[in-house]
Amino acid sequence: MPFRFPTRPFFFLATLLLCAQSASSAELTLVSFRYSNAAPVVHLRLGGEIRAEDGERVEEAFAQLARCSGEACNNDFGGPRAVVSLSSPGGSYSAGVKLADFFRNNTIATVVEAGDSCVSACAMAFLGGSSFWPTGGIGTFIDRTIEPGARVGFHSPYFTEETAVAAVRSGQLGQLLELTRLAIADIVKNLTRYSVSQHVLDRIISMGPEGFYEIDTPAALFAIRAQLPSFDPALLNIPFENQILNVCSRLAALHYEQPLGLLDASLLENTNDGRTPEGDRIRLYDLADRPLNVAGCGVPRDKQSGTIDTMSLYRLVSDGEIFEPLLSFHNSKDGGWSSLGYRGGRATDAFIKLGPLNHVLMAPDEKLNDLPRAVWEEIEAAKGRVANPHLPSHSRPWPVETMAATQWSRSYLGEGLTIVEQTGPAKLFEELAEQAEGTSILYSQDKPDTLVRSGEDTETGTSYYWLALRSGNRVATIRVEAPVPAAGLTNAQKSLMSLVACSSDFEGVHLGCFK
């Protein structure tokens, strides 16, 4: 039987971007209803090979799994609607693009966590990671994070030797080459649409079946507008002079529209003092080989050590003494806004973040996996986790199906209910009560080491039963979510809620109904 190519180019386009095959298609699972201290929202995980039908299938699964009550289930006050952690060898390119669009349109942040790999079509999906901010004219902004110890890589569409031989034998090599050209044009279009730097597009599209453009350095993060998780920049231990070079290199690259490269250390040799139009004193570092309108990079005059909080690329405006910024870098240590060269416009094109943009302080070619151990530890701590975690035990079995299980959380489905157990620090106890404040609370019980909230969220049409158990400085929360208002609960659902409440024990702490 002769080999035939599909006559519809964009059907074939989906098969050109090939990767290692896995046994099952991509699966979206619910991990918890609290990703981290900074993003206490629904956490889902997407793993497995991304197949052509997974774009629509993941959207349907998200609508079911992310349904919940309270503040963890919306981003009206700013931030992502949910966080999806990605771990996939890739698969269908068109499905990866569809997922990126879904994440962007629904303000879902993406993250690749330490130990996970996200390449090819998965890396395309990763680019859609986004959050939303309702004030300041920001709206939807980029929110895609790579942890040290993770692997993210891009490559170009390609065809196998087997496909090429079949094309020659069938007289359709010209069609194959034409479809490959269309595929490459499409990936360039989508990488550009998601703000990947034009200076690395040639490197990405030149990668063959075994090659990947790895996002393993600050320069690569810079090129795809991705970010590290938040942590105290002082943990990087970067000398102040090195920070000057590193930050000024980014500002110069943006202004000159050139690839990022480290500026020569001679930048530090020629300095002079000046003032901004507002009268603030600055120390200016003179750039060599610069256009006439660029005076140099400057920092506040009294800032000569520690971590750089602000730096600008300045131009001269009068008498050799007054300078105004062309582009600026601002780094927040306390969860406020950080930005690099942001002058308004579309936030989906910009370097902005709630929290520090620490990779801007680093040398472009430093390996992300070589960050100090203290950085890795703070990243984990910021997720609201505790050492040697223990999840609740159950005195009686639950008639449920386990969806996902980690050291810190377990999720289940049963009788149409979603149940999530999570353990963490003491703050989770009060946080559970706070997240119920925006709902219609039908029942509450507060005791020194137990807390119960039951009610419904009229905005989402859901109802819930939440339980917190505190043992010293450790807390376990159990959230039961129903997709219907309280009046719509079945007897079987009510019985399961009662079983969950009265059979759960956390290090000897339980409700009075415990059996």
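Residues numbered from 1 in each chain as written. Predicted model: local features only at pLDDT ≥ 70, side-chain atom pairs only at ≥ 80, totals over all residues. Heavy atoms only, no water.

K.L.:
Just checking my understanding: could you explain the state of the cysteines for this structure?
P.N.:
Two cysteines, two sulfur atoms, one covalent bond between them: this is a disulfide. A complete count under the given rule lists three disulfides for this structure. A disulfide bridge connects Cys248 with Cys297, and the sulfur atoms are separated by 2.0 Å. Since a negative S-S torsion denotes a left-handed disulfide, the Cys248-Cys297 link at about 80° is right-handed. Taken together, the positions of Cys248 in helix 9 (residues 240–256) and Cys297 in strand 13 (residues 296–300) put the pair 49 residues apart, joining distant regions of the chain. On the accessibility criterion, Cys248 (0% relative accessible area) is buried. (Disulfide = S-S within 2.5 Å. Helix = DSSP H or I, 4+ residues; strand = E, 2+ residues; numbered from the N terminus. Buried < 20%, exposed > 50% of the residue type's maximum accessible area, 1.4 Å probe, protein only.)

K.L.:
Would you mind showing me how to read the sheet that holds strand 5 (residues 117–119) here?
P.N.:
Sheet strands line up and pair through hydrogen bonds in the backbone, either parallel or antiparallel. Sheet architecture is open: three strands sit in the order 5-9-10, paired in mixed fashion. Among the strands making up the open sheet, the edge pair consists of strand 5 and strand 10 (213–214). Note that strand 9 (residues 151–154) and strand 10 share two bridges and pair antiparallel. Residue Phe154 lies in a different strand from strand 10, and its bridge partner there is Tyr213. (Pairing = 2+ DSSP bridges.)

K.L.:
Help me out: how do you make sense of the sheet that holds strand 2 (residues 42–47) in this one?
P.N.:
The five strands lie next to each other as 1-2-3-4-8, forming an open sheet whose pairing is mixed. Pairing within the sheet leaves two strands with one partner each, and these edge strands are strand 1 (27–32) and strand 8 (144–146). Adjacent strand axes in the sheet meet at a mean angle of 25°, parallel and antiparallel pairs treated alike. Pairing geometry for strand 4 (residues 108–112) and strand 8, over three bridges, is parallel. Bridged to Thr110 within strand 8 is Arg144. Together, strand 1, strand 2, strand 3 (82–87) and strand 4 form the strand contacts of helix 2 (residues 54–65), whose direction differs from that of strand 1 by roughly 25°. The strands touched by helix 3 (residues 93–105) within the sheet are strand 2, strand 3, strand 4 and strand 8, with strand 4 carrying the most contacts at an inclination of about 125°. (Axes fitted to C-alpha atoms, helices over the stretch in contact; angles between N-to-C directions. Contact = heavy atoms within 4.5 Å.)

K.L.:
Would you take a moment to explain the pairing of strand 21 (residues 417–425) for this structure?
P.N.:
Here is the key point about a regular strand: its side chains alternate between the two faces of the sheet. With respect to burial, strand 21 is a largely interior element, nine of its nine residues being buried. Both strand 20 (residues 409–414) and strand 21 contribute to a ladder of six bridges, which runs antiparallel. Looking at strand 21, one finds that Tyr412 is bridged to Ile419. As consecutive antiparallel partners, strand 20 and strand 21 are separated by two residues, and within that stretch Glu415 has a phi angle of approximately 55°, a positive value. As judged from the eight bridges shared by strand 21 and strand 25 (residues 474–482), these two strands associate in the antiparallel manner. Bridging across to strand 25, Thr418 finds its partner in Glu481.

K.L.:
How should I be thinking about the packing of aromatic side chains in this particular structure?
P.N.:
Describing an aromatic ring pair means giving the distance of the ring centres and the angle of the ring planes. Scanning the model with the defined rule gives seven aromatic pairs in all. On the basis of an interplanar angle of 20° and a centroid distance of 5.0 Å, the ring pair of Phe222 and Phe351 is categorised as stacked. Placement of the pair is Phe222 in helix 8 (residues 218–224) and Phe351 in strand 17 (residues 351–354), with a sequence separation of 129 residues. For the pair Phe222 and Phe351, one class covers both residues: buried. The structure contains a cluster of three or more aromatic residues connected by ring pairs, namely Phe62, Phe102 and Phe103. Note that Arg385 overlies the ring of Trp408, its terminal NZ or CZ placed 4.1 Å from the centroid. Positioned over the ring face of Trp466 is Arg479, at 4.9 Å from the centre of the ring. (Phe/Tyr/Trp six-rings, centres within 6.5 Å; stacked < 30°, edge-to-face > 60°. Lys NZ or Arg CZ within 6 Å of the ring centre and 35° of its normal.)

K.L.:
Which parts of the structure should I look at to understand helix 10 (residues 373–381)?
P.N.:
Those residues of helix 10 that fall on the buried side of the exposure criterion are Val375, Trp376 and Ile379. For helix 10, the buried positions fall inside an angular range of 100° around the axis, keeping them on one side. Exposed side chains of helix 10 directed beyond 90 degrees from the buried face belong to Arg373 and Glu377. (Arc of directions from axis to C-beta.)

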